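What follows is each chain in one-letter form.
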Amino acid sequence: AQTVTQSQPEMSVQEAETVTLSCTYDTSESDYYLFWYKQPPSRQMILVIRQEAYKQQNATENRFSVNFQKAAKSFSLKISDSQLGDAAMYFCAYRRKGGSEKLVFGKGTKLTVNP
Amino acid sequence: DVKVTQSSRYLVKRTGEKVFLECVQDMDHENMFWYRQDPGLGLRLIYFSYDVKMKEKGDIPEGYSVSREKKERFSLILESASTNQTSMYLCALSARGRRETQYFGPGTRLLVL
């Protein structure tokens, strides 16, 4: 069974600095999707970034980028120029391609942004 | 924009009550999901549905059932609520044309006394 591990339950960063959240996963599949979701306090879960496993190029969305290392099964999220609004729980998730659309989530990393 | 609506943000129920959590979408998306979110455990899939009257068990279906009589509505049912079902419940769907991504509702925080 696929598993997703986020080894950092909590992280903190100073405003305007850069932080990297870690995620590793375990799968025997060769093609799949990986996601980072953000859940601000008392607010809705939203998609931050998505990566397709067959694409070697790392996905980027404005200040958010990933470092996808397929062989190492690692999928870290880098947030540049951190802002107060980036404070949230961040969840890494995996989904195999085809078949069930079930998402497998990590346990989350709580990010605090200090002014 | 994909919109997922959950009927209640907060709900307080008593042990043994039958509880209905409603999730509604405003487009013709087939696939809908119910997750449970607990601190330190992340999100766990309870049930999902690929179409009207179709359902499949997720990882933690015990104590729950679901109903999908119309495509736009996916209900999670706690037949006899227990205190260990106190949790945050999130509904999600995968959008037609963007099936690889799931979009979430605002969540229902359920307290069972």
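Our structure's up above, just so we're on the same page.
Rules behind the numbers
- Residues numbered from 1 in each chain as written.
- Chains lettered and ligands numbered in written order.
- Predicted model: local features only at pLDDT ≥ 70, side-chain atom pairs only at ≥ 80, totals over all residues.
- Heavy atoms only, no water.
- Helix = DSSP H or I, 4+ residues; strand = E, 2+ residues; numbered from the N terminus.
- Rg over C-alpha atoms; globule rule 2.2 N^0.38 Å.
- Contact = heavy atoms within 4.5 Å.
- Areas by Shrake-Rupley, 256 points an atom, 1.4 Å probe, with all protein chains shown as cover.
- Lys, Arg positive; Asp, Glu negative; His and termini not counted.
- Charge placed at Lys NZ, Arg CZ, Asp CG, Glu CD.
- Phe/Tyr/Trp six-rings, centres within 6.5 Å; stacked < 30°, edge-to-face > 60°.
- Buried < 20%, exposed > 50% of the residue type's maximum accessible area, 1.4 Å probe, protein only.
- Disulfide = S-S within 2.5 Å.
- Salt bridge = Lys/Arg side-chain N within 4 Å of Asp/Glu carboxyl O.
- Buried area = accessible area lost by both parts, 1.4 Å probe.
- Polar contact = N/O pair within 3.5 Å; in protein donor to acceptor, adjacent residues only side chain to side chain.
- Core = buried A, V, L, I, M, F, W, Y, C linked by side-chain atoms within 4.5 Å.

Draft legend 1. Just the overall build of chain A, in detail. A count of helices and strands for chain A gives 0 helices and 12 strands. Counting helices and strands in the order they occur from the N terminus, chain A gives β-β-β-β-β-β-β-β-β-β-β-β. Computed over its C-alpha atoms, the radius of gyration of chain A comes to 14 Å, within 12% of the 13 Å expected for a compact globule of 115 residues. With the C-alpha coordinates aligned to their principal axes, the bounding extent of chain A is approximately 45 × 30 × 20 Å. Within chain A, residue pairs in contact and separated by at least 24 positions form 56% of the contacts whose partners lie at least 6 positions apart. Element-wise, carbon and sulfur atoms account for 43% of the exposed surface of chain A, whose accessible area totals about 5700 Å². Looking at chain A, you have 14 positive and 11 negative side-chain charges, and the mean spots of the two groups are 5 Å apart.

Draft legend 2. Examining the packing of aromatic side chains more closely. Residues and elements named next belong to chain B. Tallied over the entire structure, the rule returns 17 aromatic pairs over all chains. For the pair F48 and Y50, a centre-to-centre distance of 5.2 Å together with 75 degrees between the ring planes defines the contact as edge-to-face. Look at F48 and you get buried, because its relative accessible area is 4%. Among the residues examined, Y50 registers a relative accessible area of 23% and is labelled partly exposed.

Draft legend 3. Broad picture of the state of the cysteines. Under the counting rule described, the total for this entry stands at 2 disulfides over all chains. Paired through a disulfide, C23 of chain A and C92 of chain A show a sulfur-sulfur distance of 2.0 Å. The sign of the -70 degrees torsion about the S-S bond sets the C23 of chain A-C92 of chain A disulfide as left-handed. With C23 of chain A in the loop between strand 3 (19-21) and strand 4 (24-26) and C92 of chain A in strand 10 (residues 88-96), this pair connects stretches of sequence that are 69 residues apart. Considered together, C23 of chain A and C92 of chain A belong to a single accessibility category, that of buried residues. The side chain of C23 of chain B participates in a disulfide bridge whose partner is C91 of chain B; the two sulfur atoms lie 1.9 Å from each other.

Draft legend 4. How the structure looks around the pattern of salt bridges. Overall, the coordinates contain 11 salt bridges over all chains when judged by the stated rule. As a salt-bridge pair, K102 of chain A and D59 of chain B come within 2.6 Å of each other at their nearest N and O atoms. One end of the pair, K102 of chain A, is in the loop between strand 10 and strand 11 (104-105); the other, D59 of chain B, is in the loop between strand 6 (54-57) and strand 7 (64-70), on a second chain. According to the relative accessible area criterion, K102 of chain A is partly exposed, its value standing at 25%. The shortest N-O distance in the salt bridge between E69 of chain B and K53 of chain B comes to 2.4 Å. You can see E69 of chain B sitting in strand 7 and its partner K53 of chain B sitting in the loop between strand 5 (42-51) and strand 6, a full 16 residues away along the chain. Residues E69 of chain B and K53 of chain B agree in their burial class; the two are exposed.

Draft legend 5. Local environment of the interface of chain B and chain A. On the chain A side, the residues contacting the 23 residues of chain B number 19 residues. Summed over both partners, the interface of chain B with chain A comes to about 1700 Å²; 49% of that surface belongs to carbon and sulfur atoms. Interface area lost by chain B to chain A is led by L43, E100 and F104 of chain B, which between them contribute 31%. Where chain B meets chain A, there are 1 salt bridge. In this structure, the connection of chain B to chain A is made through 6 residue pairs in polar contact (both at pLDDT 80 or more).

Draft legend 6. Representation of the nonpolar core within the structure. By size, the foremost hydrophobic cluster in this structure holds 26 residues, and its most contacted members are Y25, W36, F75, L77 and Y90 of chain A. The leading source of residues in this core is strand 10 of chain A, at 4 residues. Among residues more than four places away in sequence, those in contact with Y25 of chain A are T3, V4, Y32, L34, F68, Q69, K70, K73, S74, F75 and Y94 of chain A. Within the second largest apolar cluster, 22 residues are counted, among which are Y47, Y64, L76 and C91 of chain B.

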